[in-house]
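Below, each chain spelled out in residue letters.
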Amino acid sequence: MAHWSPQDLPRLDNRCAIVTGANSGLGYYTARALAAAGAEVILACRNAERGEAARAKLAAELPQARLQLQTLDLADLDSVAAFAQSIAAEREAIDILCNNAGVMALPLRRTAQGFEMQIGTNHLGHFALTGRLLPLLNAAPAGRIVNTASLAHRMTRGMDLDDLNWKHKRYARWDAYGKSKLANLLFTFELERRLRSHGQTAIAVAAHPGYAATHLQAAGPEMSGSRLSLLAMNAANAIFAQSAEQGAEPQIYAAAMPEVRGGDYWGPDGLRELRGHPRRVRGRRAAYDTDVSARLWDVSESLTGVAYLG
Ligand SMILES: NC(=O)c1ccc[n+]([C@@H]2O[C@H](COP(=O)([O-])OP(=O)(O)OC[C@H]3O[C@@H](n4cnc5c(N)ncnc54)[C@H](OP(=O)(O)O)[C@@H]3O)[C@@H](O)[C@H]2O)c1
């Protein structure tokens, strides 16, 4: 049987999608697939030059594509608010929000509001963005929020909700990444529960790419100036990783295939979910802990100042 590919997407001609981090890696291929299927795609990128380079490349590959570039820095809640405001000023509905952007295993850095950079970008920025765009997502006939998680959500012992921002313990970059990705799943499932209990129409789903060669693996070593780690990451990518294009498949599937249900989690079907084509997967048990997800929601609201579905 032929494997699913983004060419099997239904037509998305009247839809509008936002993809965060659309200038690189999985986000680029997600934007490309949605645009190729006819959706208007808003490329939400933190760096205007890199965003414009991606927009121009996409436009050259897909001359019919409807693309718009807009600046969004998830590590600054003022930028998140300004982005959402300008979207709301221009349109009445958003069909698909791909919360894709992310950073991995950075040395300790802080966002504009002082959050640890990984939880701040990967979770808190997207939590605030989703809350601000929710009225538009609910105004679409079948709005969808897709959060990009990771196998790395299994790498941590669990959330530390009393110290989400690593102020009171020694920083551990990989554990911080694992926690931010566990937060992506807890947020997805809690959001889905709240959407249903509030009788809203949008659904929330998660996806992960397995292991895909992107710039993600280089960002940490580049920032800490470790040439050895950079070489090791590049070698591991060359040997073990699938392409960014294939890694994007589960989130493309989750964003637009009709059989996707709220609360689903999609990942690759190969050995240990490291590579392959989209299928439904399960997170570890801690990702479905409703007590932790409800408390994470409260902490996220109070840190970001964006409260919704309460
Ligand atoms: N690659 C994998 O094997 C893998 C595995 C599991 C999960 N993931 C997840 O997949 C997602 C996409 O990562 P990728 O692998 O495609 O990596 P990537 O090539 O490094 O792309 C990450 C994107 O996020 C953007 N970004 C980072 N910080 C941002 C901020 N503060 N505001 C707005 N955008 C920001 C980056 O922008 P710049 O280009 O300006 O830096 C870039 O566009 C991430 O959530 C990651 O955790 C990836």
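Summarised in this report is the structure supplied together with it. For every chain, the first residue of the written sequence is number 1, and numbering continues from 1 along that sequence. Residues qualify for local features only when their pLDDT is at least 70, as the model is predicted, and side-chain atom pairs are given and counted only at 80 or more; totals for whole chains, interfaces and linings, by contrast, use all residues. Hydrogens are left out, water is left out, and the side-chain values use all remaining heavy atoms of the structure.

1. Let's talk about helix 3 (residues 77–90)
Argument step 1. For helix 3, which comprises 14 residues, the first-to-last C-alpha distance of 20 Å matches the rise-based estimate of 20 Å (1.5 Å per residue) to within 8%.
Argument step 2. Turning to helix 3, the residues buried within the fold contact strand 1 (16–20), strand 2 (40–45), strand 3 (66–71), helix 4 (117–139) and helix 10 (290–304). Numbering of helices and strands starts at the N terminus; helices are DSSP runs of H or I of at least 4 residues and strands are runs of E of at least 2. Take the number of residues in a helix, subtract one, and multiply by 1.5 Å to get its expected span. Throughout, a residue-residue contact means that at least one pair of heavy atoms, one from each residue, lies within 4.5 Å.

2. Re unusual backbone geometry
Argument step 1. Located in the positive-phi region is W166, a residue other than glycine, with phi close to 55 degrees.
Argument step 2. Here W166 is to be found in the loop between strand 5 (144–148) and helix 5 (173–197).
Argument step 3. Classification of residues uses two cut-offs on accessible area relative to the type maximum, computed with a 1.4 Å probe and protein chains only: under 20% is buried, over 50% is exposed, and between them is partly exposed. Owing to a relative accessible area of 6%, W166 belongs among the buried residues under this scheme.
Argument step 4. Unlike most non-glycine residues, L309 shows phi in positive territory, near 55 degrees.
Argument step 5. Note that L309 resides in the segment after helix 10.
Argument step 6. Under the relative-accessibility criterion, L309 is labelled buried at 9%.

3. Regarding the site of the ligand
Argument step 1. Near, as used in this document, describes a residue that has one of its heavy atoms within 4 Å of the molecule or strand being considered. Looking at the ligand, there are 29 residues lining it, with N23, S24, R46, Y177 and T214 nearest.
Argument step 2. As used in this structure description, the phrase polar contact means that two N or O atoms lie within 3.5 Å; if the pair is within protein, one of them must be able to donate a hydrogen and the other to accept it, and residues adjacent in sequence are counted only when both atoms belong to side chains. Within the contact set of the ligand, an oxygen atom lies 2.8 Å away from a backbone nitrogen or oxygen of N100.
Argument step 3. Interatomic distance of 3.1 Å between a backbone N/O atom of L216 and an oxygen atom of the ligand.
Argument step 4. For accessible areas, the Shrake-Rupley method is used with a probe of radius 1.4 Å. Any residue's cover is judged against the shown protein chains and nothing else. About the coverage of the ligand: the protein hides 96% of its 890 Å² of free accessible area.
Argument step 5. At the level of elements, helix 1 (25–36), helix 5 and helix 6 (216–224) are the ones that each hand at least two residues to the shell around the ligand.
Argument step 6. When residues are sorted by character, Ala, Val, Leu, Ile, Met, Phe, Trp, Tyr, Cys and Pro go into the nonpolar class, Asp, Glu, Lys and Arg into the charged class, and all the rest, Gly among them, into the polar class. Looking at the shell around the ligand residue by residue, the class counts come to twelve nonpolar, 13 polar and four charged.

4. A word on the nonpolar core
Argument step 1. Core analysis: the biggest nonpolar cluster contains 49 residues, and I18, F83, L133, M159, L191 and Y308 have the highest contact counts within it.
Argument step 2. Those elements giving two or more residues to this core turn out to be strand 1, strand 2, helix 3, helix 4, helix 5, strand 6 (203–207) and helix 10.
Argument step 3. Broken down by element, this core gets its largest block of residues, nine residues, from helix 4.
Argument step 4. Excluding its chain neighbours within four sequence positions, the residues that come into contact with F83 are I18, I42, A44, Q70, T71, L72, L129 and L133.
Argument step 5. Of all hydrophobic cores here, the second largest spans 37 residues; its members include L58, L62, V205 and A255. Buried Ala, Val, Leu, Ile, Met, Phe, Trp, Tyr and Cys residues that are joined via side-chain atoms within 4.5 Å together make up what is termed a nonpolar core.

Function cannot be inferred from these measures alone, as they are strictly geometric.
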